[in-house]
Amino acid sequence: MGRKLLLEHINVPGINTFDVYRQKGGYRAVEKALKMTPDEVVEEVKKSGLRGRGGAGFPTGMKWSFLAKPEGVARYLVCNADESEPGTFKDRFLMTHIPHALIEGMIVSSFALGAKTSYIYVRGEMMPQIRILERAIAEAKNAGFLGKNILGSGYDLELYVQPGGGAYICGEETALLESLEGKRGNPRIKPPFPAIAGLYGCPTVVNNVESIAATVPIINDGGDEYAKIGIGRSTGTKLISASGNLVKPGVYEIELGLSVEEFLYSDEYCGGIANGKRLKATVAGGSSVPVLPANLSLKLANGEPRLMSYESLSEGGFATGTMMGSGGFIAFDEDQCIVRNTWNFSRFYHHESCGQCSPCREGTGWMEKVLHRLEYGHGKMSDIDLLVDVSKKIEGNTICPLGDAAAWPVASAIRHFRDEFEWHVKEPVKALETNYGLANYAEPIKKVEVTS
Amino acid sequence: MLKVEQQQPVEFSPALIQKFDEITGRYPEGKQKSALLPILHEVQAEFGWLSVPAMDKVALYLDIQDIEVYEVASFYSMYFLKPQGKYVLEVCRTGPCCLVGAEKLMTHIESSLGVKENEVTPDGLFSWRGVECLAACGFGPVLQIGPEYTFYENLNAEKVDELIADLRKK
Ligand SMILES: Cc1cc2nc3c(=O)[nH]c(=O)nc-3n(C[C@H](O)[C@H](O)[C@H](O)COP(=O)(O)O)c2cc1C
Ligand code: SF4
Ligand code: FES
């Protein structure tokens, strides 16, 4: 059994309430942190090696140390609970079942950063989770963990939940800040970075739900202890959202460094591919990261096992690797059509582009259109290279990374599944009725034994 | 396009205004525009959609320009700028849910309700639409129904028909 730091008490009845959470050792991290100096708290987070769980994997402690601290200017912590990356549903899960883990982490993190007002920006569709968080905040406040002079420490903190309006782009941190200011979610040009000029032009840190919740075990056990878990620069545990054609889809907490094979096939985690089918492909880190055929999902190009870590998932660069991203692990069985899924993802990015930069606004539209005609039997052979060309023209040429996120899935699908795209052109009628199948994308994969 | 007779003047009840006041209190002095998104959710929950007179009233309340409200209301996918069915079934149409049958489910909803995407049933009770990933991909197919955004997971044709029947009886 891997160690659980965030989901340890997930099955305890009533763990969503303050009392039960407290009985299980909750809010000890607040008590401990308030006896430390803010800088000492930052130091522990630095030592932990925690990397941002929202997608980019930037070291959290380092991000915190960049925060500007001019005299007399407010500083803000904003939690990114926009969670809209297809394949990712861990934050919703955590907020639904253990809301106090986030509230406790918000108090610890706000104290470390010297924020006196903090916001949790939750995507508007998560209205039930917004209610859950508001209740949790009221409970924590009642118990003296929020508001004025928390536990007699002299530290004041107000915590508010802000709903979004339904827009993937508001997960991008500067778009999120625009949205929190009551505007359209158009990403800002950086620099200045939020650490210098963020919410209302004040120094601001934006962190993912899971990153903030992870500060609780880090403060409780110490950064060094946290850093002992995991592998190399991928320290600690990570919540993985597993979806697609799996026996047991769901949210799993893993120790970073677990093998992809064990994660996919062992009964402790996903339990293998549903309906006795075989694995065709995976998207390891949410829809934005490159798709990999089954063989490269499980093994590196040199034949060694691929691990669930930032380094191992990206091993081989874009030629043979992918990325950890937000930890949204999507499994495709042998009956799934790569062209159709790529079209579906392109439609998503086209729909979600904020429209500020022409390469993204126009390019995502073109990719959707061309993929649609390939999927529906009107494609030409030249469309395949056209897609590669369009994706290259978007990549790196936009204000925010949504452009890249739209380009990578298309480029990687063609890189690894080109014969399937060509088959759609050669056999348009057949492609509508059936699918290309497993081809040479998978090796015979056996079910692995549980290792614990 | 919006019909003129739908653009009736609206009144905000004292209870609603009180909610606005509470929301506006969450932000620093002078930053009340931050309340715009949450307030629009409240207005939509009350009236079912955002009419121009309602948006203008919000602008007046927040002391911002009308256009600042329109541009926000039209940017975000949750705000309705036209009247909808009493229950809007919003089905996730994104990749992971499609791997487990979301497309078939949408076809089924279309035939069960007898209306196309974004159309309202003649009794005014239902409309439906595909929406993008709802962060529940491991429990797909999923749909949500506002204004409380109640969630229904692991759906199939029978479960959706039951849901529709239950809502009809309400
Ligand atoms: C298009 C786009 C969407 C994003 N969506 C999210 C999101 O839903 N949640 C999230 O935490 N980060 C998201 N991010 C990453 C954020 O910009 C930011 O890096 C992150 O919130 C920082 O938190 P972390 O350092 O704790 O990971 C997104 C980025 C982009 C470009
Ligand atoms: S890359 Fe796309 S989403 Fe990002 S700012 Fe440009 S147009 Fe908007
Ligand atoms: S793809 Fe449907 S909830 Fe994520």
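Residues numbered from 1 in each chain as written. Chains lettered and ligands numbered in written order. Predicted model: local features only at pLDDT ≥ 70, side-chain atom pairs only at ≥ 80, totals over all residues. Heavy atoms only, no water.

Q: Help me out: how do you make sense of the overall build of chain B in this one?
A: Each helix and strand in chain B was counted, giving 7 helices and 4 strands. In chain B, the succession of α and β elements from N to C terminus is α-α-α-α-β-α-α-β-β-β-α. Total accessible area on chain B is roughly 8000 Å²; 53% of this is exposed by carbon and sulfur atoms. (Helix = DSSP H or I, 4+ residues; strand = E, 2+ residues; numbered from the N terminus. Areas by Shrake-Rupley, 256 points an atom, 1.4 Å probe, with all protein chains shown as cover.)

Q: Quick question: what am I supposed to make of the UniProt feature "binding site: [2Fe-2S] cluster" (unreviewed entry) in chain B here?
A: Residues and elements named next belong to chain B. Those places that UniProt annotates as "binding site: [2Fe-2S] cluster" (unreviewed entry) correspond, in this numbering, to Cys92, Cys97, Cys133 and Cys137. For the residues just named, distributed over 46 residues, the greatest C-alpha separation is only 8.8 Å, placing them together at one site. If you trace the backbone, Cys92 turns up in strand S1 (residues 87–92). Residue contacts for Cys92: discarding those within four places in its chain leaves Cys97, Ala102, Val131, Glu132, Cys133, Leu134 and Val142. For Cys97, the location among the structural elements is in helix H5 (residues 95–99). Note on Cys97: relative accessible area 2%, which makes it buried. (UniProt positions renumbered as here; feature names shortened; annotations may be inferred. Contact = heavy atoms within 4.5 Å. Buried < 20%, exposed > 50% of the residue type's maximum accessible area, 1.4 Å probe, protein only.)

Q: Explain the nonpolar core here, please?
A: Note on soluble globular proteins: their nonpolar side chains tend to be buried together. One finds Ile169(A), Phe421(A), Leu40(B) and Val58(B) to be the most contacted residues of the largest nonpolar core, which totals 77 residues. When residues in this core are grouped by element, the largest group, 10 residues, is from helix H18 (residues 402–426) of chain A. Look past the residues within four positions of Ile169(A) in its chain and what remains in contact with it is Ala175(A), Gly185(A), Pro187(A), Glu352(A), Cys354(A), Cys400(A), Leu402(A) and Phe75(B). Listed in part, the 70 residues of the second largest apolar core include Ala29(A), Leu50(A), Trp64(A) and Ile218(A). (Core = buried A, V, L, I, M, F, W, Y, C linked by side-chain atoms within 4.5 Å.)

Q: Can you help me understand the domain arrangement of chain B in this one?
A: Frequently, the measure chosen for interface size is the accessible area removed from exposure when the parts meet. Annotation of chain B at the domain level lists domain 1 (14–75) and domain 2 (87–169). On a C-alpha basis, the centres of domain 1 of chain B and domain 2 of chain B stand 28 Å from each other. (Domains from an automatic or database assignment.)

Q: What is the right way to read the site of ligand 2 from this model?
A: Taken together, 13 residues surround ligand 2, and among them Cys354(A), Cys357(A), Cys360(A), Thr398(A) and Cys400(A) come closest. Its residues assigned to classes, the shell around ligand 2 comprises 8 nonpolar, 5 polar and no charged. (Near = heavy atom within 4 Å. Nonpolar A, V, L, I, M, F, W, Y, C, P; charged D, E, K, R; others polar.)

Q: Sorry if this is basic, but what is going on with the packing of helix H3 (residues 38–48) of chain A against helix H6 (residues 99–113) of chain A here?
A: Helix-helix packing is described using two parameters, namely the angle between the two axes and the distance between the axes. All names here are of chain A. At a minimum axis separation of 7 Å, H3 and H6 run at an interaxial angle of 115°. Read as a crossing pair, H3 and H6 show a hand that is left-handed. Together, Pro38, Val41 and Val42 of H3 and Val108, Phe111 and Ala112 of H6 make up the contact between the two elements. Across the contact of H3 with H6, the residue classes tally to 6 nonpolar, no polar and no charged. (Axes fitted to C-alpha atoms, helices over the stretch in contact; angles between N-to-C directions. Left-handed = near helix turned anticlockwise from the far one by under 90°.)

Q: Looking at this model, I keep getting lost on the sheet that holds strand S1 (residues 76–81) of chain A. Mind explaining?
A: Residues and elements named next belong to chain A. With parallel pairing, 4 strands are arranged side by side in an open sheet as S3-S2-S1-S4. Single-partner strands in this sheet number two, and they are strand S3 (158–163) and strand S4 (204–208). Looking at each pair of strands side by side, their axes are set apart by 20° on average, direction ignored. Together, S1 and S4 form the strand contacts of helix H9 (residues 209–221), whose direction differs from that of S4 by roughly 90°. (Pairing = 2+ DSSP bridges.)

Q: I would appreciate a short explanation of the site of ligand 1 in the present structure.
A: Residue and element names in this part refer to chain A. Residues in contact with ligand 1 amount to 18 residues; listed here are only the nearest, Gly54, Asn80, Asn207, Asn208 and Ser211. At 3.0 Å from an oxygen atom of ligand 1 is found a main-chain nitrogen or oxygen belonging to Glu173. Alone, ligand 1 offers 610 Å² of accessible surface; in the complex the protein occludes 89% of this. Considering each element in turn, the shell around ligand 1 owes the most residues, 3 residues, to S4. Grouping the constituent residues of the shell around ligand 1 by class yields 4 nonpolar, 8 polar and 6 charged. (Polar contact = N/O pair within 3.5 Å; in protein donor to acceptor, adjacent residues only side chain to side chain.)

Q: What is the right way to read the environment of Lys159(B) from this model?
A: Relative to the helices and strands, Lys159(B) resides in helix H7 (residues 157–169). As for Lys159(B) and Ile64(B), which are separated by 95 residues in sequence, their C-alpha atoms are 45 Å apart.

Q: In this structure, what is going on with the pattern of salt bridges? I would like to understand it.
A: Pairing of side chains with opposite charge becomes possible as their charged atoms draw close. Considering all chains together, one arrives at 38 salt bridges over all chains under this definition. We note a salt bridge from Glu11(B) to Lys57(B), for which the minimum N-O separation is 3.9 Å. Taken together, the positions of Glu11(B) in the segment before helix H1 (14–24) and Lys57(B) in helix H3 (residues 52–62) put the pair 46 residues apart, joining distant regions of the chain. Residue Glu11(B) is classed as exposed on the basis of its relative accessible area, which comes to 63%. With a relative accessible area of 29%, Lys57(B) lands in the partly exposed category. Overlapping salt bridges bring together Arg53(A), Lys90(A), Asp91(A), Glu210(A) and Lys238(A) as one network. (Salt bridge = Lys/Arg side-chain N within 4 Å of Asp/Glu carboxyl O.)

Q: What should I look at first to understand the interface of chain B and chain A in this one?
A: With 39 residues of chain B at the interface, the matching set in chain A holds 58 residues. Counting each side, the surface lost to burial between chain B and chain A is near 3700 Å², with a carbon and sulfur contribution of 57%. It is Arg26(B), Phe75(B) and Leu99(B) that lose the most area in chain B upon contact with chain A, and together they represent 18% of the buried surface on that side. Remark: the boundary between chain B and chain A carries 21 residue pairs in polar contact (both at pLDDT 80 or more). Elements supplying a minimum of two residues to the side of chain B that touches chain A: helix H2 (36–47), helix H4 (66–75) and H5 of chain B. Residues belonging to the side of chain B that touches chain A are distributed by class as follows: 23 nonpolar, 8 polar and 8 charged. (Buried area = accessible area lost by both parts, 1.4 Å probe.)

Q: Please clarify how the packing of helix H15 (residues 338–352) of chain A against helix H16 (residues 358–375) of chain A should be interpreted in this entry.
A: Residues and elements named next belong to chain A. Across the interface, H15 lies against H16 with an axial gap of 8 Å and an inter-helix angle of 155°. Considering their axes alone, H15 and H16 lie roughly antiparallel with respect to each other. Of the two elements, H15 crosses H16, and the hand of that crossing is left-handed. Only Arg361, Thr364, Gly365, Met367, Glu368, Leu371, His372, Leu374 and Glu375 of H16 make contact with H15, whose side of the interface consists of Val339, Arg340, Thr342, Trp343, Ser346, Arg347, Tyr349 and His350. (Parallel < 35°, antiparallel > 145°, perpendicular 65-115°, else oblique.)

Q: How should the domain arrangement of chain A be read in this particular structure?
A: Residues and elements named next belong to chain A. We note that the domain assignment places domain 1 (18–228), domain 2 (231–333) and domain 3 (338–433) within chain A. Relative to domain 3, the C-alpha centre of domain 2 lies at a distance of 23 Å. Each partner contributes residues to the interface: domain 2 has 15 residues there, and domain 3 has 13 residues. When the two sides are added together, the surface that domain 2 and domain 3 hide from each other amounts to roughly 1200 Å², 68% of it contributed by carbon and sulfur. Of all residues in domain 2, the largest losses of buried area upon contact with domain 3 belong to Ser287, Val291 and Phe318, amounting jointly to 39% of the total for that side.

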